[in-house]
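# Survey of secondary and tertiary structure
If you want the building blocks of each chain, they are given just below.
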Amino acid sequence: MTFDKTPGWLDWYAGPTKPRFKLPPGSVDAHCHVFGPGDEFPFAPERKYTPCDAGKQQLFALRDHLGFARNVIVQATCHGADNRAMVDACRAANGKARGVATVKRSVSDAELNELHAAGVRGVRFNFVKRLVDFTPKDELMEIATRIHQLGWHVVIYFEAVDLPELWDFFTALPNTIVVDHMGRPDVAKPIDGPEFTLFLKFMQQHANVWSKVSCPERLSVSGPPALNGERNAYRDVVPFARRVVEQFPDRVLWGTDWPHPNLKNHMPDDGLLVDFIPHIAVTPELQQKLLVTNPMRLYWPEEA
Ligand code: 0GY
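## Topic: the nonpolar core
If you look at the biggest cluster of nonpolar residues, it comprises 101 residues, and the most contacted ones within it are F125, I156, F170, V213, V244 and W254. Examining the composition of this core, we find that seven residues originate from one element, helix α12 (residues 284-299), more than from any other. Contacts of V213, omitting those with residues within four sequence positions, involve M182, A241, V244, V245, V252, L253, W254, I280 and L290.

Encoded structure:
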């Protein structure tokens, strides 16, 4: 099946530079996706966007080029609850990838066990309204309780303004919780303002909550290198990410977010994104935790 991309879609950047920052050995890219390819793994009928193809071999080539050892492949909403592309990539990675799936209440125990065997260790609940239709909380809680028995965690994706309304649901989840992209703070607002303070309180009061300090390219208002000069790229995101890394060094993860769905004004160079890491994790100890110790503990505990 062939698909027409959403008008204005930006394809991932095929010529990333070699990062200047040398990743610690064993580093994990803990947030990335695969898209299709659409003729092999069709996009879901209920999707909100149609991306370009971004297959597993291209992801593995990027991993090796940047110097990562492993990937965590997160089910993208354009594939709905059809996890075949993500599972196929995890299997093909020969133990070097774990997965985060999207499942419905109707998923069987046998299907969950099969996902586990392929390397899946979590499910993602998405509350970003432009990406998904609403799913009732009781359905999500039922899924969370079932996957808890497999030792899986829940990845949550939401906008900062929605945290107050989602707070009671999140804090009732029995699982380890991993927040995507720091709960998408509005970095034009003060770091000590009510929104980001609430996010820090969420992590402070709940020791089961982790955060990905990823996606400066998505959160930045000041913008990418071309707009801002290479040394200052996405610099408005630094204080936010650095605060989370320094306050919760044992509960942070980092990922490229390749192939960067739904970016509107530019496509990042993944090599430059890696060069962003030492600005938010400023010591070798913090870098080791962010890139190796923490993701290994969550996704490969048997090897950690
Ligand atoms: C991200 C962010 C986005 C998209 C998805 O699954 C997805 O479609 O996660 C977004 O559009 O903000 O983490 O990749």
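## Some points on the environment of M182
Within the fold, M182 resides in the loop between β6 (177-179) and α6 (194-205). A residue is classified by how much of its surface remains accessible, and M182, at 1% relative accessible area, is buried. Separated by 119 residues in the primary sequence, M182 and P301 have C-alpha atoms spaced 23 Å apart. Once you skip the residues sitting within four places of it in the chain, M182 turns out to touch F196, F199, S211, K212, V213, L219, V237, F240, A241 and V244.

## Digging into the state of the cysteines
Enumeration according to the criterion identifies zero disulfides in this entry. With no disulfide of its own, C78 lies 9.4 Å from the sulfur of C52, the closest cysteine sulfur. Among the residues examined, C78 registers a relative accessible area of 0% and is labelled buried. Cysteine C215 remains unbridged, with the sulfur of C32 as its closest cysteine sulfur at 11 Å. Judged by relative accessible area, which is 1%, C215 ranks as buried.

## Remarks on the packing of helix α2 (residues 84-92) against helix α3 (residues 109-118)
Angle between the axes and distance between the axes are the two parameters that describe a pair of packed helices. Packing of α2 against α3 brings their axes to within 9 Å, and their N-to-C directions diverge by 40 degrees. Comparing the axis directions of α2 and α3 gives the class oblique. Within the contact between the two elements, α2 uses V87, C90 and R91 and α3 uses E114, L115 and A118.

## Remarks on the packing of aromatic side chains
Counted under the stated rule, the structure contains 17 aromatic pairs. For the pair W12 and W258, a centre-to-centre distance of 5.1 Å together with 65 degrees between the ring planes defines the contact as edge-to-face. With W12 in the segment before β1 (28-32) and W258 in the loop between β8 (252-253) and α10 (270-274), the pair connects residues that are 246 residues apart, well separated along the chain. Seen from their ring centres, F127 and F169 are 6.2 Å apart, and the 65 degrees between their planes marks the pair as edge-to-face.

About the thresholds
All residue numbers refer to positions counted from 1 along the written sequence of the respective chain. Confidence filtering applies because this is a predicted model: local features only for residues at pLDDT of at least 70, side-chain atom pairs given and counted only at 80 or more, and all residues used for totals across whole chains, interfaces and linings. Hydrogens and water are ignored here; the side-chain numbers use all heavy atoms of the structure. We define a nonpolar core as any set of buried Ala, Val, Leu, Ile, Met, Phe, Trp, Tyr and Cys residues linked to one another through side-chain atoms lying within 4.5 Å. Categorising residues by exposure relies on relative accessible area from a 1.4 Å probe, with only protein chains included: less than 20% of the type maximum marks a residue as buried, more than 50% marks it as exposed, and the intermediate range marks it as partly exposed. Under the DSSP-based scheme used, a helix requires at least four consecutive residues in state H or I and a strand at least two consecutive residues in state E, with every element numbered from the N terminus. We call two residues in contact whenever any of their non-hydrogen atoms come within 4.5 Å of each other. When two cysteine sulfur atoms are found within 2.5 Å, that pair is recorded as a disulfide. Fitted lines through C-alpha atoms give the axes, limited to the stretch in contact for helices. The angle between two N-to-C directions lies from 0 to 180 degrees. Oblique is the label for every angle not falling under 35 degrees (roughly parallel), over 145 degrees (roughly antiparallel), or within 65 to 115 degrees (roughly perpendicular). Note on aromatic pairs: the rings of Phe, Tyr and Trp (six-membered ring only in Trp) are paired at centre separations within 6.5 Å, and the planes decide the class, stacked below 30 degrees, edge-to-face beyond 60, tilted for the rest.

Fair warning: the whole summary comes from geometry, so function is off the table for now.
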